[in-house]
Amino acid sequence: MTRLLVRGARILGGHPADLLIEDGVIRQVGSLGAAEGVEVMDADGLVALPGLVDLHVHLREPGREDAETIATGSAAAAAGGFTAVFAMANTSPVTDTAEAAERILDLGRASGLVDVVPVGAVTKGLDGAELAELGLMARSRARVRVFSDDGRCVHDARLMRRALEYIKPFGGVISQHAQDPHLADGSACCHEGELSGRLGLPGWPAVAEETIVARDVMLARHTGSRVHVAHVSTAGTVEVVRWAKAQGIDVTAEVTPHHLALTTDLLVGYDPVYKVNPPLRPQEDVEALRAALADGTIDAVATDHAPHARHDKEHTFVDAAFGMLGLETALAVVSDLMVRPGLLDWSDVARVMSTTPARIGGLPDQGRPLQPGSPANITLVDPDREVTVDAAASRSLSRNNPWHGRTLRGAVHATIHRGTVTHSTDTNVMETAS
Amino acid sequence: MTRHMLSSADLSRTEVLDILATAESMHDLQRREVKKVPTLRGRTVINFFFEDSTRTRSSFEIAGKWMSADTINLSAKGSSTSKGESLRDTAMTIDAMAVDALVIRHNASGACHQVAQWVRCSVINAGDGTHEHPTQALLDAYTLRSRLGDLDGKHVVIVGDLTHSRVFRSNVITLKTLGARVTVVAPPTLMPSGIVGWSATDGFATSWDLDAVLDGEDPVDAVMMLRVQRERMSGGYFPTAREYTVGYGLTRDRLDRLVARNPDVLILHPGPMNRGLEIAAEAADSARSVVLDQVSAGVAVRMAVLYHLLAGNDDAPREPAELETSTTGASAPSAPTQPEGVAR
Ligand SMILES: [Zn+2]
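Model, not experiment: these values are computed from the prediction. (Residues numbered from 1 in each chain as written. Chains lettered and ligands numbered in written order. Predicted model: local features only at pLDDT ≥ 70, side-chain atom pairs only at ≥ 80, totals over all residues. Heavy atoms only, no water.)

1. As for the overall build of chain B
Within chain B, the secondary structure is distributed over 12 helices and nine strands. Here chain B, with 344 residues, has 58% of them falling under the buried criterion. Residue pairs in contact within chain B that sit at least 24 positions apart in sequence constitute 74% of those at least 6 positions apart. A total of about 13,500 Å² of accessible surface is found on chain B, and carbon and sulfur atoms cover 51% of it. (Helix = DSSP H or I, 4+ residues; strand = E, 2+ residues; numbered from the N terminus. Buried < 20%, exposed > 50% of the residue type's maximum accessible area, 1.4 Å probe, protein only. Contact = heavy atoms within 4.5 Å. Areas by Shrake-Rupley, 256 points an atom, 1.4 Å probe, with all protein chains shown as cover.)

So this is what it looks like as structure tokens:
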């Protein structure tokens, strides 16, 4: 029996307590003495959160193992404090069958660092034409609950309606990448506004997101089903989601750390590291997203971790691949931009980065309160430690890190996944009591 | 001026005037029987055109050759780019050949800015996507000044597809730098996003009504017509060519009204022209048209730009006086003056 005592951690930033973990489960919480043979982790001054859950990552396996694999993505996730990640379906081949979903699940179990939960495609091959085998994926060992064509929008309103209806019996949710392909086509690579006009870059207007979200919440109301808005990027979308929730429509929404922090002004030098979909928006949108996360209109933070090989980013801005890394820096960004200014406290962080995403994604073993009987999925955060991000030190196979060189305050100290320490900043924290 | 010419915004008023003064000397050279000077002997200039442009490419090529630079033309067709090589690899490969300048035309906005981050040589933007075309703005300014003199307070109207026009973006900057007043005219669908805020910051006016601008209180000194890409017609930017011409074309009627108010008004077009669409044949061929002057100024201005970026940045600075070593010996141009503090 493996036993681990986490000593003196502040649970959700509250009073210090000890947590005794046995066989992957939290057994006792309180003022505990270390029994003989128990490994001890000194967590003095650290904040203990339920293990972080990311509803939106791209792990590139199968198909682009040069950019990321499930193993390297899992390592990056563990380093970022995550104990579960949802792997988007836009791999090659696409995750659109039960077999494909089970393969992702098994590869994740083999790496053993986080729960890798497959997201199923809504449509076969992400082609937006025919429904994928949603029910078979739901009934598979992978228990798929989240379906998304992410990278593409389910644009056909009738198909979106059918998908929402079809997933109701197994409690599924459609995570929508909201982008009207006529208002923001394939060449659209930058927020449409004054800067895109000056730079001569094809614009991706806010309204291309907002009209799809508005349509989808009406479809969710009509079908009585669940829709989740992936990577909200505009103030207008926040207004639509706020209205929908006030109507009692079953809609949830996520925001990425980069949309909470970075603005479109960064594009003046045409550096493709800042090319992401949806694009970085102006400061007014960033402010609205922060406020919406703070007031609960936006339910969750999700990274949209999108690794790319160097050569896929070293093109012209228009031709370079969309996406940026996010798993390793997410907690630090939320800490620095939301907790330090007082927009969120640590229990809010637990809600938006663990409890709520676990609920949205249907994970019973994740996002549980740190109390006896819960699976030992724990993230220990050092709220005062300053980190200067070094892209070269990443566990990811890719280096498209927009935070490189920036200093952020608040860092993941250690990650415990089902009782096993999967990441630790300080290798000397562990001692065995005698 | 930095060692690159990426944007018209890189040039101060002094620098623009200095380049235009040099271009005058170069223009005199063009009129000689033997046009070659040794100014850039031993220098290598690569014209790398990822997008076809006979006019701009040959203009840069002639400019380099007349100054005795070794000029080499590369095109993306058949280059490694078409084999999937990244832009960075392509740029670094050329840079590794120790060239002095890379003149780049690319169909992607910002491509020249990106290349400039990776190479040691000077990078000259010969048109990047729908972003900028700084040497076009300089040759337009040269053409305008040769007819109108000082541009301070002059009123220039730019008409057409602003959204997709790099000529427009560079021209509003350079014309503002030289003190001209600019009004841009287009249907709302061909105005870049956010142009209202942009025009307020950068000090130019916008209008959807060409007739109101041409007949307005503020007399027009020059009209610059922009090319309308035929493919825009199917993109829903405007209904038909006929409707575009009626709303925004420089028709014979509009030309007559312009000339009636100001007999010295100038008509510019960066070419190639869609006769009958954005410009009537009568306007293109009228005495007020300076379209061919623009072409001729192109070579002189590009010589001046190459001169300013390349001459004199090695151990033995090449003085403008070298221009006088012309083989004809006659009508030596006046040496252009070097402004103080121009960083190269
Ligand atoms: Zn997406």
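What follows picks up the thread again.
2. A few points about the coordination of the zinc ion
Residues and elements named next belong to chain A. Only Asp150 (OD), His177 (ND1) and His231 (NE2) from the protein reach the zinc ion as donors, at distances of 1.9 to 2.2 Å. Written as a sequence motif, the donor residues of the zinc ion are D-x26-H-x53-H. Placement of histidine 177 in the loop between strand E10 (173-176) and strand E11 (190-191) and of histidine 231 in the loop between strand E13 (227-229) and helix H7 (235-246) is noted, with a sequence separation of 54 residues between them. We classify histidine 177 as buried; its relative accessible area is 3%. (Donors = N, O, S within 2.8 Å, 3.2 Å for Na, K, Ca; no water.)

3. A closer look at the sheet that holds strand E1 (residues 44-49) of chain B
Residue and element names in this part refer to chain B. With respect to topology, four strands assemble into an open sheet ordered E2-E1-E3-E4, the strand pairing being parallel. A single partner strand is all that each edge strand has here, and the edge strands are strand E2 (70-75) and strand E4 (122-128). For this sheet, the mean angle separating the axes of adjacent strands, direction not counted, is 15 degrees. Relative to E4, strand E3 (residues 101-106) runs parallel, the two sharing five bridges. Each residue of the ladder has a partner; that of leucine 102, found in E4, is valine 123. In the packing of helix H12 (residues 291-310) onto the sheet, contacts are made with E1, E3 and E4, and the angle to E4 comes to roughly 150 degrees. (Pairing = 2+ DSSP bridges. Axes fitted to C-alpha atoms, helices over the stretch in contact; angles between N-to-C directions.)

4. Describing the domain arrangement of chain A
Residues and elements named next belong to chain A. For chain A, the assigned domains read domain 1 (3-47 + 374-394 + 403-424) and domain 2 (52-361). Using C-alpha coordinates to define each centre, domain 1 is positioned 27 Å away from domain 2. Across the interface of domain 1 and domain 2, roughly 2,000 Å² is buried in total on both sides, 63% from carbon and sulfur atoms. When the buried area of domain 1 at its contact with domain 2 is split by residue, Trp403, Arg409 and His417 rank highest and sum to 30% of it. In this assembly, domain 1 and domain 2 are joined by one salt bridge. A salt bridge links arginine 418 to aspartate 115; the nearest nitrogen and oxygen atoms lie 2.8 Å apart. Linking domain 1 with domain 2 are 10 residue pairs in polar contact (both at pLDDT 80 or more). Put simply, the parts of the chain that give the side of domain 1 that touches domain 2 at least two residues each are strand E16 (378-388), strand E17 (407-417) and strand E18 (420-424). (Domains from an automatic or database assignment. Buried area = accessible area lost by both parts, 1.4 Å probe. Salt bridge = Lys/Arg side-chain N within 4 Å of Asp/Glu carboxyl O. Polar contact = N/O pair within 3.5 Å; in protein donor to acceptor, adjacent residues only side chain to side chain.)

5. Looking at the UniProt feature "binding site: Zn(2+) 2" (unreviewed entry) in chain A
All names here are of chain A. Under the UniProt annotation, "binding site: Zn(2+) 2" (unreviewed entry) lies at Asp150, His177 and His231. Judged by maximum C-alpha separation, these annotated positions cover 82 residues in sequence but sit close together in space, the widest gap being only 10.1 Å. Look past the residues within four positions of histidine 231 in its chain and what remains in contact with it is His56, Asp150, His177, Glu209, Glu254, Thr256, Asn277, Pro278 and Asp304. A polar atom in the side chain of histidine 231 sits 3.2 Å from the side chain of aspartate 150. (UniProt positions renumbered as here; feature names shortened; annotations may be inferred.)

6. Topic: the environment of Leu219(A)
Residue and element names in this part refer to chain A. Examined against the element boundaries, leucine 219 turns out to sit in helix H6 (residues 206-223). For the pair leucine 219 and alanine 358, spaced 139 residues apart in the sequence, the C-alpha separation amounts to 24 Å. Beyond its immediate stretch of four places on either side in the chain, leucine 219 contacts Ala157, Met160, Arg161 and Leu164.

7. Comments concerning the packing of helix H1 (residues 13-30) of chain B against H12(B)
All names here are of chain B. Running from N to C, H1 and H12 point in directions that differ by 120 degrees, and their axes come no closer than 8 Å. Between H1 and H12, the angle is such that the two are oblique. Between H1 and H12 lies a crossing whose hand is right-handed. Seen from H1, the contacting residues are Asp18, Ile19, Thr22, Ala23, Met26, His27, Leu29 and Gln30; seen from H12, they are Ser296, Ala297, Val299, Ala300, Val301, Met303, Ala304, Val305, Tyr307 and His308. (Parallel < 35°, antiparallel > 145°, perpendicular 65-115°, else oblique. Left-handed = near helix turned anticlockwise from the far one by under 90°.)

8. Things to note about the nonpolar core
Residues and elements named next belong to chain B. In terms of nonpolar packing, the biggest core is built from 85 residues, with Leu138, Leu144, Ile158, Leu162, Phe168 and Val184 touching the most fellow members. Among the elements that make up this core, the one with the highest residue count is H12 (11 residues). Both domains that meet at this core, namely domain 1 (8-132 + 295-310) and domain 2 (134-293), each give it at least three residues. (Core = buried A, V, L, I, M, F, W, Y, C linked by side-chain atoms within 4.5 Å.)

9. Things to note about the pairing of E10(A)
Residue and element names in this part refer to chain A. The alternating pattern of E10 places Val173 and Ser175 on one face and Ile174 and Gln176 on the opposite face, and all of these are buried. Bridging between strand E9 (residues 146-147) and E10 involves two bridges; their strand directions are parallel. Paired with valine 146 across the strands is valine 173, a residue of E10. With helix H4 (residues 157-166) bridging E9 and its parallel neighbour E10, the resulting β-α-β unit is right-handed. Across three bridges, E10 lies against E13 in parallel orientation. Paired with isoleucine 174 across the two strands is valine 227, which belongs to E13. (Right-handed = clockwise from strand over helix to strand, strands pointing away.)

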